[in-house]
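One letter stands for each residue in the lines below.
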Amino acid sequence: MHRYLRFAAHRVLAARLGTTALAMCLLAACTTSPTGRSQLMLISPEAAIVESKTAYLSTVGELDKENKLVDDPLLSDRVATITGRLVTEAVALYPNSKDWEWSVAIIDDDDTVNAWCMAGGRMAAYTGLFEQLKLTDDEFAQIMGHEISHALANHTAERMSRAIAINVGVIAAGVAADNHAATMAGAALAAKLALELPNSRVAESEADRIGIELATRAGYDPQAAVSLWEKMGSLSESRPPEFISTHPDPENRKARLSALVPEMRALNPARSMAAVTPITIVR
Ligand SMILES: [Zn+2]
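Residues numbered from 1 in each chain as written. Predicted model: local features only at pLDDT ≥ 70, side-chain atom pairs only at ≥ 80, totals over all residues. Heavy atoms only, no water.

Asker: Would you mind showing me how to read the coordination of the zinc ion here?
Answerer: For a metal bound by four donors in a tetrahedral arrangement, the ideal donor-metal-donor angle is 109.5 degrees, while six donors in an octahedral arrangement ideally sit at 90 or 180 degrees. Protein-derived coordination of the zinc ion comes from His146 (NE2), His150 (NE2), Glu204 (OE), Glu204 (OE) and His247 (NE2), at a distance range of 2.0 to 2.5 Å. In the primary structure, the donors to the zinc ion are separated according to the pattern H-x3-H-x53-E-x42-H. Of this pair, His146 sits in helix H6 (residues 137-152) while His247 sits in the loop between helix H12 (242-246) and helix H13 (250-267); the two residues are 101 residues apart in sequence, bridging distant segments of the chain. Each member of the pair, His146 together with His247, is buried. (Donors = N, O, S within 2.8 Å, 3.2 Å for Na, K, Ca; no water. Helix = DSSP H or I, 4+ residues; strand = E, 2+ residues; numbered from the N terminus. Buried < 20%, exposed > 50% of the residue type's maximum accessible area, 1.4 Å probe, protein only.)

Have a look at this one:
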């Protein structure tokens, strides 16, 4: 989600890095995640949602101009149905996401194996996922369940916060010297880092755990989380997909997810399908 975050992080930082804002940020640095873990938060989840919306609209606008948004009714319907079921379960488990503007852009790019979900429920899926991995519905549900979980657990804000923290000395020095250029250079560096930082290992495990649960509750086979990573792993031998660069360690993931399968099956033994929440397909 690199390009989009770069844009979002710049705006957040530009708006926020006054002297007092920085001090306030540092005072409010630690919050508890929806999963009960302590998170470093220099940007509130609400601010991350606002900034993500701006970045998303700009990104989607560009894609539309380049004719890169998929208009195929079959694929759109498939994506909307699967994500719609996941969102039903997401909202049931995390009621604060009820008012998110849930939407998906399907990006016409067969070379890119990637998907993401920003803070606020704005998602994207690249056609490379379907072309190169020949995903089943169950496997696609696992990918999007995982990505939605990053957003539910405030991982967008957390990643942006980590980038700022790494650079807080640089930024604070600029603020103290009343040197606007130095402050902004530090901010720009933080913004750039935010995109290059993958989610932390803990965040990845959280998203794996919440994601497989969302998909199972929505009616999809939890075993598909394992077959998905097998496919990702075999693809990475020839040409590493984008998704692997931000989601390393297919082998470890496969083992951890596999261990969760029996517990997951017990959550929805009859595999009853969740209701489909209406999802906007951006086109
Ligand atoms: Zn992830």
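Asker: Looking at this structure, how should I read the environment of Asp110?
Answerer: The topology assignment puts Asp110 in the loop between strand E3 (103-107) and strand E4 (115-117). Once the C-alpha coordinates of Asp110 and Leu129 are considered, the two residues, 19 residues apart in sequence, prove to be 7.5 Å apart. When sequence neighbours within four positions are dropped, the list of residues in contact with Asp110 reads Thr127, Gly128, Glu131 and Gln132. Within the local environment of Asp110, its side chain forms a polar contact with the side chain of Thr127, the two groups lying 2.7 Å apart. (Contact = heavy atoms within 4.5 Å. Polar contact = N/O pair within 3.5 Å; in protein donor to acceptor, adjacent residues only side chain to side chain.)

Asker: Help me out: how do you make sense of H6 in this one?
Answerer: Residues spaced three or four apart along an α-helix point in a common direction, a consequence of the helix completing one turn every 3.6 residues. The terminal C-alpha atoms of H6, which comprises 16 residues, lie 22 Å apart, in line with the 22 Å expected from a rise of 1.5 Å per residue. For H6, the tally of buried residues reaches 14 of 16 residues, placing the bulk of the element in the interior. Just past H6, the residue Asn154 takes up positive phi, approximately 60°. (Expected span 1.5 Å × (residues − 1).)

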